[in-house]
Amino acid sequence: MYLTKEEERMLDGEEGYAVKKSIEILVALGEIYGAEKLINVGSVQVAGVSYHNLGDAGLEFLNELARDGKVRVLTTLNPAGMDLEDWRKLGISEEFAEKQKLVIDAFRKMGIIISCTCTPYLIGNLPRYGEHIAWSESSAVTFANSVIGAKTNREGGPSALAAAFVGKTAYYGLHLEKNRVPDIHVDVRAKLKKFSDWGALGYCIGKKVEDKIPYITGIEAADLDELKSFCASVVTYGSKPLFYMRGITPGSEKHQPPKEHVIIEDKDIKEAYESINDDVDVIDFICIGCPHASIKEIAEIARLLKGKKISPNIEFWVATSRSMKQLADKRSYTKTIEKAGGKFACDTCMAVAPLKGRFRSVATTSAKGCYYSRANNMKTKLGSLEECIAAAVTGKWS
Amino acid sequence: MHSCCGDRKMELRGRTISRGVAEGEALTTTQPISFYGGVDPNTSEIIEKGHELQGKKVKDTILVFPNGKGSTVGSYTLYRMKKGGNAPAGILNKECETVVAVGAIISEIPCVDKIDISKIRTGDMVRLENGVVTIKKQKFQ
């Protein structure tokens, strides 16, 4: 692998411990995956923020890096395990909160923006078409590659941090045009009727294409929220973090549908719901915002909850970034949702908060959310926002 | 690539993933290892259900396995094992991947890959140095 003089100096430790460790990581990954050099990245998104996943091991390492490590490019942060300002209302223990705050302190010291969201593209970390970036968080990686047309591998927490400290990443994988060629044609003939169908479609495609890059036809229109939900689902359930949606993905017109093809019909969507949904009718947890709710979604939740009362047996979360919540405050969406008995879960989400053992069954608009809730031993119901709000009021899924 | 040097000594050459010198008794498996969830960082015991090495401790061994798997948090698990004195002395892989590579580097555990791991048996004495792996076979093999 070719290294510049400056990169050699970093490797020799002349720019400190964090830079040395980081460039060692980048070079090792470059060697493993056959990179010829390092390339500059425009921004970084760091996952592995929740103390629930990091544990003391991760915290220790972050502290070690924070001693002399400073990020060199715009670097934003994934959700933490709790709302950083009001964790008590979410039922998070003081013990967990103490540890989580230490994790955030380490990231702050490194110069990272404490955005704590899986939707960096909604809060100011928005790459341009063709830009090389180093992001972790699979849903954001998929969105950046497939909706924006930026270029990133699916980084892990440590390799994303390494890219941030060096300002570079190894030139391999999805950074190379030759590895971004679609290899399976997915012909969507199913009619998508409601929002959660996008998550169900992601499930179908993820399962069918496995580690291939799908070229999707048959989708006539898709808005930001539908695409972010689809991105989260398709990569959670199996595909590479890149797809082409004809007419929607920038650059999709440069490719022809590959020969290998699969068809997605109404029955596939129905089967997706059957395998995501459990046989359960009493719900005790509802979470909207996986990926984090946009301001448009928050407005919709407020509209549907206006004048209603959420059942006292239900914990209702709107998971979003603090930036979105601040916009919601100014339009009284926050007041409406809280008056109905809902809670804002800023900085955190249903996938990374320590929820194991707290709830029996969850209803959500997110297919990805269902996947992680099962890992937290919950029964799951995937449905539209209207269905989730109805369940919130009655306490039952119907 | 290997060359025999006498009866029970063998040398293999691989690719250095994480630099350094390590020596210890080999603990080998043909199955991938997930450090996050698959290994208890406090005892160094492999806890993945049904794994060939379930119940075995990796502490101070030269751990020989084809490749890592699972969550990238596994890199931090290796780091924690190292800090607690529970890490393997060295790692040999057939094909190293991101989780183990990053874990070995941040923990300063010497790691070499692209070697024929089938040449190494549990109990062999193994030394890693700059991509060269020297194996002293255990008796009566």
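Further up the page is the structure itself.
Residues numbered from 1 in each chain as written. Chains lettered and ligands numbered in written order. Predicted model: local features only at pLDDT ≥ 70, side-chain atom pairs only at ≥ 80, totals over all residues.

Draft legend 1. Quick peek at the overall build of chain A. What chain A contains, in helices and strands, is 14 helices and 15 strands. In terms of overall size, chain A behaves like a compact globule, its C-alpha atoms giving a radius of gyration of 21 Å where 398 residues would be expected to give roughly 21 Å. Residues counted as buried form 55% of the 398 residues belonging to chain A. Taking all contacts inside chain A whose residues are at least 6 apart in sequence as the whole, residues at least 24 apart take part in 79%. (Helix = DSSP H or I, 4+ residues; strand = E, 2+ residues; numbered from the N terminus. Rg over C-alpha atoms; globule rule 2.2 N^0.38 Å. Buried ≥ 20, exposed ≤ 12 C-beta atoms within 10 Å, placed from the backbone. Contact = placed C-beta atoms within 7 Å.)

Draft legend 2. The arrangement of the overall build of chain B in detail. Regarding its fold elements, chain B presents three helices and nine strands. Reading the helices (α) and strands (β) of chain B from amino to carboxyl end gives β-β-β-β-α-β-α-β-α-β-β-β. Here the C-alpha atoms of chain B give a radius of gyration of 14 Å, agreeing with the 14 Å that 2.2 N^0.38 yields for 141 residues. Considering only C-alpha atoms, chain B reaches an extent of 40 × 30 × 25 Å along its principal axes. Buried positions account for 48% of the 141 residues belonging to chain B. Sequence-distant contacts in chain B: of pairs separated by 6 or more residues, those separated by 24 or more amount to 69%.

Draft legend 3. A look at the interface of chain A and chain B. On the side of chain B, 18 residues touch chain A, which itself brings 19 residues to the contact. Sorting the residues of the side of chain A that touches chain B by element identifies helix H2 (17-32), helix H3 (51-66) and helix H6 (157-166) of chain A as the ones contributing at least two each.

Draft legend 4. Spotlight on helix H3 (residues 98-107) of chain B. With ten of ten residues buried, H3 of chain B is to be regarded as a mostly interior element. Of all the residues in H3 of chain B, the buried ones are Thr98, Val99, Val100, Ala101, Val102, Gly103, Ala104, Ile105, Ile106 and Ser107 of chain B.

Draft legend 5. Looking closely at the sheet that holds strand S3 (residues 74-77) of chain A. Residue and element names in this part refer to chain A. One open sheet accounts for four strands, arranged S3-S2-S4-S5; its pairing is parallel. Edge strands, defined here as strands with exactly one partner in the open sheet, are S3 and strand S5 (154-155). Sheet topology note: the strand S2 (residues 43-46)/strand S4 (residues 134-136) ladder contains two bridges and is parallel. For Val44, the partnering residue across the bridge sits in S4 and is Ala134. Each of S2, S3, S4 and S5 is contacted by H6, which is oriented at about 150 degrees to S2, the strand it contacts most. (Pairing = 2+ DSSP bridges. Axes fitted to C-alpha atoms, helices over the stretch in contact; angles between N-to-C directions.)

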